[in-house]
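# Notes for the structure review
This is what each chain is made of:
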Amino acid sequence: MSDHLTGFRARLKAGPTAFAAWCGMRDPAVTETILKEGFDCAILDWQHGYHDQTSIEAGILVAQAHRKPALVRIGVGDFAGAARFLDWGALGIIAPMINSAADARTLADFLKYPPVGGRSWGPTRATGMLGFTNQQQIQRGNDATIVIAMIETREGLAALDEILAVPGLDGVFVGPGDLSITLSNGGMIDPLHADVTAALKVVAEKGLAAGKIVSAFCPDGKRAAELVAMGYQLLSVGTDGFLLRSAARAELAKAKAS
Ligand code: 3PY
Ligand code: MG
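The following refers to the structure shown. In this text the structure is predicted, and so the values were computed from the model without any measurement. (Residues numbered from 1 in each chain as written. Chains lettered and ligands numbered in written order. Predicted model: local features only at pLDDT ≥ 70, side-chain atom pairs only at ≥ 80, totals over all residues. Heavy atoms only, no water.)

Glancing now at empty space enclosed by the protein. For the structure on display, the rule yields one cavity of 30 Å³ or more. Here the largest cavity defines a volume of roughly 30 Å³. Taken together, Leu86, Arg119, Ala126, Leu130, Gln137, Gly141 and Thr145 make up the full set of residues lining the largest cavity. In terms of residue class, the lining of the largest cavity is made up of three nonpolar, three polar and one charged. (1 Å grid on protein atoms, 1.4 Å probe; cavity = no way out; pocket = protein on both sides within 12 Å on 5 of 7 lines; lining within 4 Å. Points joined across faces, edges and corners; volume = space filled by probe spheres on them. Nonpolar A, V, L, I, M, F, W, Y, C, P; charged D, E, K, R; others polar.)

Structure representation (structure tokens):
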């Protein structure tokens, strides 16, 4: 059994906080380079990243080569596509703009096998990759993969209690950028704004009380450290683009200082 993969969900709940490499770039070598710096998993960003289907598949495989899980942040409402990514070996799905319990139920229904949901079985990579037989895939696949709803709107926050009560949902992931936009009625984008910080505290408290995985996007490491203190169990740290840009800027500044 591939415990480094199948045990991910349990490890998130037990702690310590896991850190995710947020990967929007298409080349799997970028994912690999960042992952090797000690991140616990990769999140491949299909929604806003540069990925195509081939690069999602390559990202999953390169993460697996380093014995790390890969999760995919899907497009809005793209639950059928998400099930394919699980078949290919993604260990988790992060679904944006989940605004109601009905949204969360539909998400879980697509991605969890019966009796929890109605996921369709496909004899693709995931079964062998996880070390499962077909029968075990049906019986244990639901526990080996995580289904996470993004809370990133005013509506999602208002429906948080009902969303957290959806049985097939493993966790919530705060998108602070979109949250800042909706909380200000389009007035600003500021993922570090005090209103977002207050919402992050509420999501952590309610999510942990409901026994769900609490996770969030962090624009940088400083923010991630603050959210560890709030009890967050899975945090992304910047993005591949941000990390590349900040290292480039810092090194060029040193070169020009001479
Ligand atoms: C947000 O901050 O809105 C996100 O979706 C993180 O990428
Ligand atoms: Mg968002």
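Here the magnesium ion (ligand 2) is held by Glu152 (OE) and Asp178 (OD), and the distances to it run 2.0 to 2.1 Å. With a gap of 26 residues between them, Glu152 in the loop between strand 5 (146-151) and helix 9 (154-158) and Asp178 in helix 11 (residues 176-183) connect regions that are remote in the sequence. (Donors = N, O, S within 2.8 Å, 3.2 Å for Na, K, Ca; no water. Helix = DSSP H or I, 4+ residues; strand = E, 2+ residues; numbered from the N terminus.)

Turning our attention to the nonpolar core. Membership of the largest hydrophobic core comes to 53 residues, with the highest contact counts inside it found for Leu107, Leu169 and Tyr232. Apart from residues no more than four positions distant in its own chain, Tyr232 is found in contact with Thr17, Val174, Leu200, Val203, Ala204, Val214, Ser215, Ala216 and Leu227. The next biggest cluster of nonpolar side chains, apart from the first, holds 16 residues, and it includes Ala18, Trp22, Leu71 and Met150. (Core = buried A, V, L, I, M, F, W, Y, C linked by side-chain atoms within 4.5 Å. Buried < 20%, exposed > 50% of the residue type's maximum accessible area, 1.4 Å probe, protein only. Contact = heavy atoms within 4.5 Å.)

This next bit is on the sheet that holds strand 2 (residues 41-45). Strands sit in the order 1-2-3-4-5-6-7-8 around a closed barrel of eight strands; the barrel is parallel. Here the strands of the sheet are splayed against their neighbours by 25 degrees on average, with no regard to which way each runs. (Pairing = 2+ DSSP bridges. Axes fitted to C-alpha atoms, helices over the stretch in contact; angles between N-to-C directions.)

For the rest of this paragraph, the subject is the site of ligand 1. Taken together, Trp22, Arg73, Met150, Glu152, Gly175, Pro176, Gly177, Asp178 and Phe217 form the complete shell of residues around ligand 1. Taking Glu152, its side chain carries an N or O atom lying 3.1 Å from an oxygen atom of ligand 1. Contacts to ligand 1 include Gly177, whose backbone N or O atom sits 2.7 Å from an oxygen atom. For ligand 1, whose accessible area on its own is 230 Å², the fraction buried by protein is 88%. A molecule is said to occupy a pocket when more than half its atoms come within 2 Å of that pocket's grid points, and by this definition ligand 1 occupies the largest pocket. (Near = heavy atom within 4 Å. Polar contact = N/O pair within 3.5 Å; in protein donor to acceptor, adjacent residues only side chain to side chain. Areas by Shrake-Rupley, 256 points an atom, 1.4 Å probe, with all protein chains shown as cover. Sits in = over half its atoms within 2 Å of the grid points.)

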